[in-house]
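Listed below, chain by chain, are the residues.
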Amino acid sequence: MKSLKKFYEGGYAKYILPGVLLQSVLIGGGYATGREIYSYGAKFGAFGWISGLTIGIGFALFAFLTFEICRIYKVYDYKNYIKQVIGPLWPVMDVLTILIAIMLIAVMAAATGSIFEQVGLPNFLGAVVIVFLCGLLNFKGSKVIEKFESVGTVLLYGGYILFTIIVLISKGSNIPQVFASADTSAYDGKVTLGLCIWTGILYVAYNINSIPMGMFSLTRQTKRKETFISGLIAGLLMVIPWFLSYFAMMCFYGDVSIVGADVATPWMEMIKAVNGGPFLLALFSIVMGWTLVETATGCIHMIIDRFDIALEERGNTRLTDKKRGLITVITLLAALLLSRIGVVTLIEKGYSYLSYGFILFYLLPTLFIGGYKIIRYKNKK
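This section reports on the structure supplied with the text.

Analysis parameters
- Residues numbered from 1 in each chain as written.
- Predicted model: local features only at pLDDT ≥ 70, side-chain atom pairs only at ≥ 80, totals over all residues.
- Heavy atoms only, no water.
- Helix = DSSP H or I, 4+ residues; strand = E, 2+ residues; numbered from the N terminus.
- Buried < 20%, exposed > 50% of the residue type's maximum accessible area, 1.4 Å probe, protein only.
- Contact = heavy atoms within 4.5 Å.
- Areas by Shrake-Rupley, 256 points an atom, 1.4 Å probe, with all protein chains shown as cover.
- Phe/Tyr/Trp six-rings, centres within 6.5 Å; stacked < 30°, edge-to-face > 60°.
- Lys NZ or Arg CZ within 6 Å of the ring centre and 35° of its normal.
- Expected span 1.5 Å × (residues − 1).
- Patch = residues over 30% accessible without salt bridge, like charges linked within 9 Å, V, L, I, M, F, W, Y side chains within 5 Å.
- Salt bridge = Lys/Arg side-chain N within 4 Å of Asp/Glu carboxyl O.
- Bend = angle between axes of the 7 residues up to and from the residue.
- Core = buried A, V, L, I, M, F, W, Y, C linked by side-chain atoms within 4.5 Å.
- Polar contact = N/O pair within 3.5 Å; in protein donor to acceptor, adjacent residues only side chain to side chain.
- Axes fitted to C-alpha atoms, helices over the stretch in contact; angles between N-to-C directions.
- Parallel < 35°, antiparallel > 145°, perpendicular 65-115°, else oblique.
- Nonpolar A, V, L, I, M, F, W, Y, C, P; charged D, E, K, R; others polar.

Let's talk about the overall build of the chain
Part 1: Each helix and strand counted, the chain has 14 helices and zero strands in total.
Part 2: Buried residues in the chain amount to 57% of all 381 residues.
Part 3: A sequence separation of at least 24 residues applies to 84% of the contacts in the chain between residues at least 6 apart.
Part 4: Of the roughly 15900 Å² of accessible surface on the chain, a fraction of 70% belongs to carbon and sulfur atoms.

What follows is the structure, encoded as structure tokens:
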């Protein structure tokens, strides 16, 4: 037990845990249903991998830049971090971050309801389960959230690998045909290199808020080597499930009833198409449900941390458990109301609009101002 604790607080916490937290927040809203993989890459068919490569490089780059700024200036919440790169404009990030957090949970709630319906359970039951689990985790605090999301990563990767293998074995013969014919038929328009790269950038932009959500774990990093390696690991952890989903979708590319513009949960449809049966559908529901809760928990934890930091700066005590619970309930209710719009509309419209805000107020300032500060910083150890 002592050696396990030493590993957790040592190499794991410094190099791997930040990436685990980032992908835990991202994957629930981003990868759980498969819809975002379609919208931000898979719809381009044989050229979708370009978007995926852009996403992996983008996440790794901005994870490193963010981690290093946090280490240099010892800032571990998004408000004080963003002050380092956009100065007095930091309140804009408050608005963007809360909006994207609520929208992520809304997508999660809509997806959960859809999944519950498809396995024969009431739609509202998904909302009840999520409210209860998110409230419980935020009540328990950061340490419990870290462990919950670490277990979730193992569960998620095991599930994704299993689902992908089953799909590839059953329908993998379609992949060579897609690439040999350069098939892009699911996209209504011309697919270009620039379009694929720009789509990947948009995906990184609106998901960049997942990085601040894991800032509370960065206090253990003391060297640039640690921020650099953990940034690379974060990029890998965040994009591997993307490629697993992408190649699984290429097994059905051309069948718009499974991989098409109107399909809200492609993963569920793919599992049905390979005759996964009740057991595989139940396992998928558990894995996806876990990751969806991770996303909601991370979003709410970030909002609560923001309130706590503001209170401490004014000389007040942190939020009580009751107030934490109230914020959790209010955030979830707002998201559940928004979820009535539906998964497809939220992803296609809402995410795209918010992406431009994050490009202007996070990506570009972090790249240029943050990058300049990192280069000028003398103590690189």
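So, the packing of aromatic side chains
Part 1: One pass over the structure, following the stated rule, counts 14 aromatic pairs.
Part 2: Judged by centre distance (6.0 Å) and plane angle (55°), the rings of Phe163 and Trp267 are tilted. With Phe163 in helix 7 (residues 142-171) and Trp267 in helix 11 (residues 266-273), this residue pair connects regions lying 104 residues apart in the sequence.
Part 3: Taken together, the aromatic side chains of Tyr40, Phe59, Tyr203 and Tyr206 make up a single cluster linked through ring pairs.
Part 4: The side chain of Lys79 reaches across the aromatic face of Trp90, ending 4.7 Å from its centre.
Part 5: Over the ring of Tyr73 we find Lys373; its NZ or CZ atom is 5.2 Å from the centre of that ring.

Section: helix 12 (residues 277-313)
For an α-helix, 3.6 residues make a turn, and residues three or four places apart therefore share a direction.
Part 1: Compared with an ideal rise of 1.5 Å per residue, which puts 37 residues at 54 Å, helix 12 spans 54 Å between its outermost C-alpha atoms and is within 8% of the ideal.
Part 2: Backbone geometry just downstream of helix 12 places Gly315 in the positive-phi region, at approximately 85°.

Description of unusual backbone geometry
Part 1: In this structure, Lys74 is a non-glycine residue whose phi angle is positive, near 50°.
Part 2: Of note, Lys74 is situated in the loop between helix 3 (48-73) and helix 4 (78-86).
Part 3: Given a relative accessible area of 62%, Lys74 falls into the exposed group.
Part 4: Residues other than glycine seldom take positive phi values, yet Ala182 does so here, at roughly 50°.
Part 5: Note on placement: Ala182 falls in the loop between helix 8 (174-180) and helix 9 (193-207).

What about a nonpolar patch on the surface?
Part 1: A cluster of nonpolar residues, Phe47, Trp49, Leu53, Ile57, Leu168, Phe179 and Phe247, forms a patch on the protein surface that exposes about 610 Å² of accessible area.
Part 2: The leading source of residues in the nonpolar patch is helix 3, at three residues.
Part 3: For Leu168, the location among the structural elements is in helix 7.
Part 4: The exposure class of Leu168 is partly exposed, given its relative accessible area of 34%.

Things to note about helix 10 (residues 224-250)
Part 1: The end-to-end C-alpha distance of helix 10 is 39 Å, a good match for the 39 Å that 27 residues give at a rise of 1.5 Å each.
Part 2: Roughly 25° is the biggest bend found in helix 10, and it falls at Val239, with proline Pro241 one to four residues downstream.

A word on the pattern of salt bridges
Between side chains of opposite charge, a pair can form as their charged atoms come close.
Part 1: Counted under the stated rule, the structure contains three salt bridges.
Part 2: In this structure, Glu226 engages Lys14 in a salt bridge whose closest nitrogen and oxygen atoms are separated by 3.5 Å. Pair noted here: Glu226 is in helix 10 and Lys14 is in helix 1 (residues 2-30), with a separation of 212 residues, a long-range link.
Part 3: A relative accessible area of 4% places Glu226 in the buried class.
Part 4: Of the charged contacts, one joins Arg224 and Glu68 as a salt bridge, the two residues approaching to 2.8 Å between their closest N and O atoms. Of this pair, Arg224 sits in helix 10 while Glu68 sits in helix 3, and the two are 156 residues apart along the sequence.
Part 5: Through salt bridges with shared partners, a single network forms among Glu68, Arg71 and Arg224.

Considering the nonpolar core
Part 1: Judged by nonpolar contacts, the single largest core of 96 residues is most densely connected at Tyr81, Trp267, Phe358 and Tyr362.
Part 2: At eleven residues, helix 12 tops the list of elements feeding residues into this core.
Part 3: The contact partners of Tyr362, leaving out residues within four places of it in the chain, are Thr66, Tyr81, Ile82, Met93, Ile208, Ile211, Pro212 and Gly357.

Topic: the side chain of Ser245
Part 1: Following the sequence through the fold, Ser245 ends up in helix 10.
Part 2: Ser245 sits in the buried class, given a relative accessible area of 0%.
Part 3: A polar contact of 3.0 Å, which involves the side chain of Ser245, links it to the side chain of Trp267.
Part 4: In contact with Ser245, not counting residues within four places along its chain, are Ile37, Tyr160 and Trp267.

Comments concerning the environment of Arg71
Part 1: Counting through the fold element by element, Arg71 comes out in helix 3.
Part 2: Remark: the alpha-carbon pair of Arg71 and Gln221, spanning 150 residues in sequence, is separated by 6.6 Å.

Focus: the packing of helix 4 against helix 12
Part 1: Taken N-terminus to C-terminus, the directions of helix 4 and helix 12 make an angle of 80°; their axes are 9 Å apart at the nearest point. Classified by the angle their axes make, helix 4 and helix 12 are roughly perpendicular. For the pair helix 4 and helix 12, contact is made by Tyr78, Lys79 and Asn80 and by Met302, Arg306, Ile309 and Glu313, respectively.
Part 2: Residues of the contact of helix 4 with helix 12, tallied by class, amount to three nonpolar, one polar and three charged.

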